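# A closer look at the structure
Here are the chains, one letter per residue:
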Amino acid sequence: FHAASRAMPSVYITRRVPPRGLSLLQQRQMQISQWDSDAPVPQDELMKGVVGKDALFCLLTDKIDKNVIQAAGPQLKVIGTMSVGYEHIDLAECKSRGIIVGYTPDVLTDATAELTVALLLATSRRIVEGAAAVKSGEWSTWAPLWMCGPGLHGATVGVVGLGRIGMATARRLRPFGIQRLIYTGRSEKAEAKEVDAEFVSFEALLQQSDFVIATCPLNEQTKGLFNMKTFSQMKRSAIFINSSRGGVVDQDDLYTALNTRLIGAAGLDVTVPEPLPPSHPLLSLANCVVLPHIGSANNETRNTMSALTAQNIIAAVDGKALPAQLTL
Ligand code: NDP
Ligand code: DGY
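Structure report, in brief. Within each chain, residues carry numbers counting from 1 in the order of the written sequence. Naming scheme: in the order in which they are written, chains are lettered from A and ligands are numbered from 1. Local features in this predicted model are restricted to residues whose pLDDT is 70 or higher, and side-chain atom pairs enter the listing and the counts only when it is 80 or higher, whereas totals over whole chains, interfaces and linings include all residues. Hydrogens and waters are ignored; side-chain quantities use all the structure's heavy atoms.

## Considering the sheet that holds strand β3 (residues 55-58)
In sheet architecture, strand pairing relies on hydrogen bonds along the backbone and comes in two forms, parallel and antiparallel. Pairing is parallel across the open sheet formed by five strands, whose spatial order is β2-β1-β3-β4-β5. Here the strands that pair on one side only, and so sit at the sheet edges, are β2 (31-34) and β5 (100-102). Strand-to-strand twist across the sheet, computed as the mean angle between neighbouring axes with direction ignored, equals 20 degrees. Strand pairing requires that DSSP identify at least two bridges connecting the strands. We count a stretch as a helix when DSSP gives it H or I for four or more residues in a row; a strand needs E for two or more, and each element gets its number in order from the N terminus. Sheet topology note: the strand β1 (residues 10-13)/β2 ladder contains four bridges and is parallel. Counterpart to Ser10 in the pairing with β2 is Gln31. Whether two residues are in contact is decided by their heavy atoms, any of which lying within 4.5 Å being enough. Convention adopted: a line fitted to C-alpha atoms gives each axis, helices being fitted over their contacting stretch, and angles between N-to-C directions are expressed from 0 to 180 degrees. Along the sheet face, helix α2 (residues 19-27) touches β1, β2 and β3 and points at about 145 degrees away from the line of β2.

## Some remarks on the layout of surface pockets
Taken as a whole, the second largest pocket encloses approximately 290 Å³ of empty space. Both cavities and pockets are sets of points on a 1 Å grid over the protein atoms alone; in a cavity a 1.4 Å probe fits but cannot get out, in a pocket the set is open with protein on both sides within 12 Å along at least five of seven lines, and lining residues sit with an atom within 4 Å of a point. Residue lining of the second largest pocket: Leu60, Thr61, Glu87, Leu218, Arg245, Gly246, Gly247, Thr271, Val272, Pro273, Glu274 and His293, and that is the complete set. Amino acids are sorted into nonpolar (Ala, Val, Leu, Ile, Met, Phe, Trp, Tyr, Cys and Pro), charged (Asp, Glu, Lys and Arg) and polar (every other residue, Gly among them). Tallied by class, residues from the lining of the second largest pocket come to four nonpolar, five polar and three charged. Grid points are joined across faces, edges and corners, and a volume is the space filled by probe spheres set on the points.

## Brief notes about the pairing of β3
Working note: regular strand, side chains alternate between the two faces of the sheet. Working definition: with a 1.4 Å probe on protein chains only, accessible area under 20% of the residue-type maximum means buried, over 50% means exposed, and in between means partly exposed. Judged by which residues are buried, β3 turns out to be covered on both faces: Ala55 and Phe57 on one side and Leu56 and Cys58 on the other are all buried. Pairing analysis gives three bridges linking β1 to β3, with the strands arranged parallel. Paired with Tyr12 across the bridge in β3 is Leu56. Bridge count for β3 against strand β4 (residues 78-81) is four bridges, and the pairing is parallel. Its bridge partner being in β4, Leu56 is matched across the sheet by Ile79. The handedness of a crossover follows from its direction of travel: if, with the strands pointing away from the viewer, the path from the first strand over the helix to the second runs clockwise, the crossover is right-handed. One crossover worth recording links β3 to the parallel β4 by way of helix α4 (residues 66-72), and it is right-handed.

## Observations regarding the side chain of His280
Within the element layout of this structure, His280 appears in the loop between β11 (265-268) and β12 (288-290). On the basis of relative accessibility, which here comes to 16%, the residue His280 falls in the buried class. For His280, the side chain forms a polar contact with the main-chain nitrogen of Leu282, separated by 3.0 Å. Identification of polar contacts relies on pairs of N or O atoms within 3.5 Å, with a donor-acceptor requirement for protein atoms, meaning one able to donate a hydrogen and the other able to accept it, and with residues adjacent in sequence counted only if both atoms are side-chain atoms.

## What to know about the site of ligand 2
Taken together, the neighbourhood of ligand 2 is formed by Leu60, Ser83, Val84, Gly85, Leu108, Arg245, His293, Ser296 and Met305. Contact distances for ligand 2 include 2.8 Å between an oxygen atom and a backbone N or O atom of Gly85. Contact between ligand 2 and Arg245: an oxygen atom at 2.6 Å from a side-chain N or O atom of the residue. All accessibility values rest on the Shrake-Rupley procedure with a 1.4 Å probe; residue burial counts only the protein chains present in the view. Contact with the protein chains hides 90% of the accessible area of ligand 2, taken as 230 Å² for the molecule alone. Here a residue counts as near a molecule or strand whenever at least one of its heavy atoms sits within 4 Å of it.

## Details of the site of ligand 1
What surrounds ligand 1 is a group of 28 residues, the closest being Ile165, Arg186, Ser187, Lys189 and Asp269. In this structure, an oxygen atom belonging to ligand 1 sits 3.2 Å away from a main-chain N or O atom of Gly163. Take Asp269: an N or O atom from its side chain is 2.8 Å from a nitrogen atom of ligand 1. For ligand 1, whose accessible area on its own is 920 Å², the fraction buried by protein is 88%.

## Topic: the packing of helix α6 (residues 109-124) against helix α8 (residues 164-173)
Each pair of packed helices can be described by the angle between their axes along with the distance between the axes. Packing of α6 against α8 leaves a shortest axis separation of 8 Å and a crossing angle of 55 degrees. By the angle class used here, α6 and α8 are oblique. Crossing of α6 over α8 shows right-handed handedness. Contacts from Thr109, Asp110, Thr112, Ala113, Glu114, Thr116, Val117 and Leu120 of α6 reach α8 at Arg164, Ile165, Ala168, Thr169, Arg172 and Leu173. Considered class by class, the residues forming the contact of α6 with α8 number six nonpolar, four polar and four charged. Relative orientations are named as follows: roughly parallel for angles under 35 degrees, roughly antiparallel for angles over 145 degrees, roughly perpendicular for angles from 65 to 115 degrees, and oblique for any other angle. Should the near helix be turned anticlockwise from the far one by less than a right angle, the crossing is termed left-handed; should it be turned clockwise, right-handed.

## Points about the sheet that holds strand β10 (residues 239-242)
The seven strands are arranged β8-β7-β6-β9-β10-β11-β12 in an open sheet whose pairing can be described as parallel. Each edge of the open sheet is held by one strand with a lone partner, namely β8 (197-199) and β12. Looking at each pair of strands side by side, their axes are set apart by 15 degrees on average, direction ignored. In terms of strand pairing, β11 meets β12 through three bridges, oriented parallel. If you follow Ala266 over to β12, its bridge partner there is Cys288. Most of the contacts of helix α11 (residues 251-259) go to β11, to which it runs at about 140 degrees, and overall it touches β10, β11 and β12.

## As for the environment of Val290
By secondary structure assignment, the location of Val290 is in strand β12. On the basis of relative accessible area, Val290 is assigned to the partly exposed category, the value being 25%. For the pair Val290 and Arg302, spaced twelve residues apart in sequence, the C-alpha separation works out to 21 Å.

## Digging into the nonpolar core
By convention a nonpolar core is built from buried Ala, Val, Leu, Ile, Met, Phe, Trp, Tyr and Cys residues, the set being connected through side-chain atoms within 4.5 Å. Counting residues in each nonpolar core, the largest one holds 42 residues, and the members touching the most others are Leu25, Leu56, Phe57, Ile64 and Ile79. When residues of this core are traced back to their parent elements, those giving at least two are β1, α2, β3, α4, β4 and α12 (299-317). Among the elements that make up this core, the one with the highest residue count is α12 (eight residues). Judged by nonpolar contacts, the second largest core, of 27 residues, contains Leu225, Leu254, Leu258 and Ile263.

Just geometry here; none of it tells us what the structure is for.
In structure tokens:
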């Protein structure tokens, strides 16, 4: 029995996932149990599903807390999340139990940067509002002062968190003829030179940017970073774009800032909660574009994320180096 279970390690997958990862796990002859649905697994089902498993294939919508990890049992060797963000996993618990954590950096960078630029343009050039006006009949004529918004040419763009996605976004924005690229974070980045980006304080970034883009992770320092105090420091015309995590924004403060025109507009790919209820005040504002967390949502990218998650899991159960292991 022991030899057989060693030969066939088990994995619990918390959702229907793109096929490439699933095929790899099948090829490795892992015993697969899966929450076979497009909806998130309820927490009590997750707690049952992980019991006795060697590996857990999870998503950012799953709360992998101490209870889940404990419920799995001491044989749990690896948690592979199909995301680059990892704030949904209790890493301290993983570390103390020697559980390896795999994630999916790099493979979603281009897709997320592309979406960030799309969201920025949709927000500044009022694309969603304009398209709605066409459908509703509000479009009466071509009008010199109608549906205008700020352009990127000559603008100062501020990136909060010049990491993989921040850099890829900066590279895509340079060809629009932006004048200055500034960034802030915990440390200065050598790669900033490539996009001629200048390291500034958070306060200077808020004061000087025409576009403020959040591409940082959600952590203790970034939680609620964008609030009334920081919106007040931005230009009144500023466009705020968030493709990081909803938790970096105080949404009540954002609503007030947008409603009172303390800032110009906001584009959010991420919110708290997700999904944002259709009755949420932010959705009543013309100067707020909200997308359903689709930064990495291109077919190839999601398939690659699924494959990398499986490769991380397989490497861990085989005692090999993971292609993308999180340092705990
Ligand atoms: P990286 O780790 O490469 O980049 C994050 C950057 O943020 C780093 O440069 C880091 O540098 C910086 N940072 C960390 N803490 C702070 C802080 N307190 N203030 C400012 N900057 C900070 O990650 P990725 O670029 O790969 O991903 C970033 C985040 O994007 C993910 O964590 C995830 O939350 C989100 N994401 C969202 C997606 C979507 O669908 N919308 C898709 C993919 C990712 P330093 O530590 O030196 O400050
Ligand atoms: C991540 O990977 O963290 C994104 O939010 C979804 O791809």
